[in-house]
Amino acid sequence: MKKGKFIVISGPSGVGKGTICNMLFNELDACYSVSSTTRAPREGEVDGVNYFFITKEEFEEKIKNGEFLEYNIYNDNYYGTGKKFVMDKMNEGINVFSEIDVNGARNIKKIFPDALLIYIAPPSVEELKLRLIGRGTEDIDTINKRLKIAEEELKQVDFYDYVVVNDEIERAKNEVKEIILKEI
Ligand code: 5GP
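Residues numbered from 1 in each chain as written. Predicted model: local features only at pLDDT ≥ 70, side-chain atom pairs only at ≥ 80, totals over all residues. Heavy atoms only, no water.

Trainee: Help me get a handle on the sheet that holds strand β5 (residues 68–74), residues and values and all.
Mentor: Within the open sheet, the 4 strands sit side by side as β4-β3-β6-β5. Their pairing is mixed. Two strands close off the open sheet at either side, each with one partner strand: β4 (52–53) and β5. Of the pairings in the sheet, the one linking strand β3 (residues 36–37) to β4 comprises 2 bridges and is parallel in character. Considered in β4, the bridge of T37 is made with F53. (Pairing = 2+ DSSP bridges. Helix = DSSP H or I, 4+ residues; strand = E, 2+ residues; numbered from the N terminus.)

Next comes the structure, spelled out in structure tokens:
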């Protein structure tokens, strides 16, 4: 049986990757790998749907037990991809999506060399700032920290298979969908 493909969607927070992923799940035959994180839930986020929200101690216990395929620290919080879920699905021939950062994507490419890596970029960092302020889920300090990370990330996206600029959500979603349909 053909194994499922690991599809990584990366991009700075506020770029719209979550919206694009949600639209795609309804249109593509794939499942979503829910990551674990130690960051606090944002308003509207649901445990087990957006993330598994766990404590630092719980996360470190899982690291010790080898439960993560990859994990990273982003803006002082741990984020990690559960190994068992991903391996089971891929072995069943099911494609798995994951929203992970640039370091995580680099690690995934080492583990699964034929993983499909797509980076969603903002039209500009200025535009990203406006979107983050508009979203209103973070204070200005956090927004500025995330913008700094975004600027650093944008310098390193060469190793991605595709970079899609989210200038308009429907257009960007369709571009990502076409890429996935072509590659899986
Ligand atoms: P946020 O706090 O905005 O939800 O996520 C912050 C960053 O962590 C984003 O770039 C997101 O893609 C990334 N991220 C989410 N889950 C994982 C994961 O399991 N592993 C890694 N390496 N990064 C993740």
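Trainee: Explain the nonpolar core to me, and be specific about the residues and the numbers.
Mentor: As a rule of thumb, soluble globular proteins bury nonpolar side chains together. By size, the foremost hydrophobic cluster in this structure holds 21 residues, and its most contacted members are I9, I118, I120, V176 and I180. In terms of residues, this core owes the most to one element, helix α7 (residues 169–183), which gives 4 residues. (Core = buried A, V, L, I, M, F, W, Y, C linked by side-chain atoms within 4.5 Å. Buried < 20%, exposed > 50% of the residue type's maximum accessible area, 1.4 Å probe, protein only.)

Trainee: Any chance you could break down the pattern of salt bridges for me, citing the residues and the numbers?
Mentor: Counted by the stated rule, this structure contains 17 salt bridges. One salt bridge in this structure joins D167 and R171, with 2.9 Å as the shortest N-O distance. (Salt bridge = Lys/Arg side-chain N within 4 Å of Asp/Glu carboxyl O.)

Trainee: Go over the environment of N103 with me, naming the residues and quoting the values.
Mentor: As for its position among the elements, N103 is in helix α4 (residues 102–111). Residue classification places N103 among the partly exposed residues on the basis of a relative accessible area of 35%. N103 sits 32 residues away from Y71 along the chain, and the two C-alpha atoms are 8.7 Å apart.

Trainee: Please give an account of the pairing of strand β7 (residues 95–99) that cites residues and values.
Mentor: Burial runs high along β7: 4 of the 5 residues are buried. The sheet contact formed by strand β1 (residues 6–10) and β7 spans 4 bridges and is parallel. Its bridge partner being in β7, I9 is matched across the sheet by E99. Summarising the sheet, strand β2 (residues 30–32) and β7 pair through 3 bridges and their orientation is parallel.

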